[in-house]
Amino acid sequence: MKKIAAVFVVLAGLFCTAYAGIDEAGRLTPWDSEDIKINVAETFSDMTDGDIVWDDGGFWTGTAFYEWPDAQWQDGRLVFTDFMGMDDGAATRMTFRIQTNQMGASSAAGSTGMGFYVENNTEQPQSIGFYMVGQSSCLKNKNGTVIYFISQSGECFPITVTDSEMAIVPPGEKGYIITFYEDMMNLWSSDPYSPDIDEVKMPGFELTNLLVDGSKGETVVIDNVFFFGPGCTDNNNGIIRTEAEPTVTDEPEQTQDAPSAQVTESATEQAVKPGETASVFWYVGAAAVLIAAIAAAAIILRGKSGKKQ
């Protein structure tokens, strides 16, 4: 009986710990646990609607770029409205940060990672990442680490970061790009980044090979920068939606009917739904426990039968 009990304990342990979240390293996000709080640091709500003039009006561009995309502030959202790349087809990369009042007064204390909202209302996948700035830090993802796009429908697309590729947002999708601080590098220092020492105060972003066809009404949208972690001050109030199957949000509709995303392992590795892996482990665990119970019952009955003889 002690052996049987031990088997049950081991199986129960496996059943309870098999699912660790959408991150392979077991680090938790707000999509995995209600204990991970969200602090919305920047909503861009104080930005005045109108065309954006790069290198002016609070923008600082980090790359010497040939031709910057057409973009606007629309209802407190950064909206790219037209950019078809270089005439010669050369690769493009743009980095920029924005001086804002809201994020400068926010607190990243107690956070383990950060994210922002994005919409890809185009027919092309878009590659977007972080370029966040603090008092003595400029943060972007290290090559070889994983960055995540989580769609509003609950699908999670992990991507391994390279020089030319950040999070991949499939065509027609909207959701959140998230990362963990320990996967970021500080371009201004070799010291590990700590949000409790040097909080991010300026939202910044990196885009590679952006393609937005303004003649079709296509747009790419960035909004709502947030910190997350078990020690965050929770001020979310439903701004960042973390349910697996979200209800209709207040976000504007897409500007066109974009095709369904064709996701391949080479483009986005493997799409994983938060909770989907948990469901698989639930069924496997339940089956294992049932099999163990049947086996235990058979052993007990066989023992009783032996005693009668």
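Residues numbered from 1 in each chain as written. Predicted model: local features only at pLDDT ≥ 70, side-chain atom pairs only at ≥ 80, totals over all residues. Heavy atoms only, no water.

*Asks:* Explain empty space enclosed by the protein here, please?
*Replies:* The rolling of a water-molecule-sized probe over the atoms marks out the regions of remaining empty space. Using the criterion set out here, one finds one cavity of 30 Å³ or more in the structure. Size it by volume and the largest cavity reaches roughly 40 Å³. In this structure, the largest cavity is lined by Gly 129, Phe 130, Lys 140, Asn 141, Val 161, Thr 162, Met 166 and Glu 206. Sorting the residues of the lining of the largest cavity by element identifies strand S8 (126-130) and strand S10 (138-141) as the ones contributing at least two each. (1 Å grid on protein atoms, 1.4 Å probe; cavity = no way out; pocket = protein on both sides within 12 Å on 5 of 7 lines; lining within 4 Å. Points joined across faces, edges and corners; volume = space filled by probe spheres on them. Helix = DSSP H or I, 4+ residues; strand = E, 2+ residues; numbered from the N terminus.)

*Asks:* Teacher, can you tell me more about the pattern of salt bridges here?
*Replies:* Between side chains of opposite charge, a pair can form as their charged atoms come close. Taken as a whole, this structure holds eight salt bridges when the rule is applied. Residue Lys 216 is joined to Glu 123 by a salt bridge in which the shortest nitrogen-to-oxygen separation is 3.3 Å. In this pair, Lys 216 is assigned in the loop between strand S17 (204-208) and strand S18 (219-229) and Glu 123 in the loop between strand S7 (113-121) and S8, connecting sequence segments 93 residues apart. Lys 216 sits in the partly exposed class, given a relative accessible area of 44%. By relative accessible area, which is 38% here, Glu 123 ends up partly exposed. Through salt bridges with shared partners, one network takes in Asp 23, Arg 27, Glu 182 and Asp 183. (Salt bridge = Lys/Arg side-chain N within 4 Å of Asp/Glu carboxyl O. Buried < 20%, exposed > 50% of the residue type's maximum accessible area, 1.4 Å probe, protein only.)

*Asks:* Sorry, what's going on with the pairing of strand S6 (residues 93-98) here?
*Replies:* For a regular strand, side-chain orientation follows a simple rule: the groups alternate between the two sheet faces. By the criterion of burial, S6 is predominantly enclosed, with five of the six residues buried. Summarising the sheet, strand S3 (residues 59-61) and S6 pair through three bridges and their orientation is antiparallel. Across the sheet, residue Phe 59 finds its bridge partner in S6, namely Ile 98. Strand direction decides the pairing type here: S6 and S17, joined by five bridges, are antiparallel. In the sheet register, Arg 97 faces S17, and the bridge partner there is Gly 204. (Pairing = 2+ DSSP bridges.)

*Asks:* Teacher, can you tell me more about the pairing of strand S11 (residues 146-151) here?
*Replies:* Across the six residues that make up S11, a large majority, five, are buried. Examined bridge by bridge, S11 and strand S12 (residues 156-160) share five bridges and lie antiparallel to one another. Within S12, the residue paired with Ile 150 across the bridge is Cys 156. The turn linking S11 back onto S12 is made up of four residues, and Gly 154 within it adopts a positive phi angle of 105°. Of the strand pairs in this sheet, S11 and strand S14 (residues 174-180) are connected by four bridges, and their pairing is antiparallel. Within S14, the residue paired with Tyr 148 across the bridge is Ile 178.

*Asks:* What is the right way to read the nonpolar core from this model?
*Replies:* The nonpolar side chains of a soluble globular protein tend to be buried, and buried together. Among the nonpolar cores identified, the biggest contains 46 residues, and Phe 80, Phe 96, Phe 116, Ile 177 and Phe 205 are the most heavily contacted of them. The dominant element in this core, judged by the number of residues it contributes, is S18, at four residues. Ranked by size, the runner-up nonpolar core spans 15 residues in total, among them Ile 36, Ile 38, Phe 226 and Ile 240. (Core = buried A, V, L, I, M, F, W, Y, C linked by side-chain atoms within 4.5 Å.)

*Asks:* Help me understand the packing of aromatic side chains in this model?
*Replies:* Any pair of aromatic rings gets described here by the distance separating the centres and the angle formed by the planes. Applying the stated criterion to the full structure yields 17 aromatic pairs. Measuring from centroid to centroid gives 6.0 Å for Tyr 176 and Phe 226, while their planes differ by 80°, and the two rings are edge-to-face. With Tyr 176 in strand S14 and Phe 226 in strand S18, this pair connects stretches of sequence that are 50 residues apart. Phe 226 carries the same exposure label as Tyr 176, and that label is buried. A connected cluster of aromatic rings, assembled from ring pairs, spans Phe 44, Trp 54, Phe 59, Trp 68, Trp 73, Phe 80, Phe 96, Phe 116, Phe 130 and Phe 205. (Phe/Tyr/Trp six-rings, centres within 6.5 Å; stacked < 30°, edge-to-face > 60°.)

*Asks:* Help me understand unusual backbone geometry, please; the structure alone is not making it clear to me.
*Replies:* Peptide bonds are, in most cases, trans, and in most cases residues other than glycine have a negative phi. Its identity is not glycine, yet Asn 224 carries a phi of approximately 45°, on the positive side. Relative to the elements of secondary structure, Asn 224 occurs in strand S18. Judged by its relative accessible area of 7%, Asn 224 falls in the buried class. Residues other than glycine seldom take positive phi values, yet Asn 237 does so here, at roughly 55°. Looking at the element boundaries, Asn 237 is found in the loop between S18 and helix H2 (265-268). On the basis of relative accessibility, which here comes to 75%, the residue Asn 237 falls in the exposed class.

*Asks:* Could you clarify how one ought to interpret a negative patch on the surface in this entry?
*Replies:* Among the surface-exposed residues, Asp 51, Glu 67, Asp 70, Asp 87 and Asp 88 lie close enough to one another that they form a single negatively charged patch. Note that Asp 87 resides in the loop between strand S5 (78-82) and S6. (Patch = residues over 30% accessible without salt bridge, like charges linked within 9 Å, V, L, I, M, F, W, Y side chains within 5 Å. Areas by Shrake-Rupley, 256 points an atom, 1.4 Å probe, with all protein chains shown as cover. Lys, Arg positive; Asp, Glu negative; His and termini not counted. Charge placed at Lys NZ, Arg CZ, Asp CG, Glu CD.)

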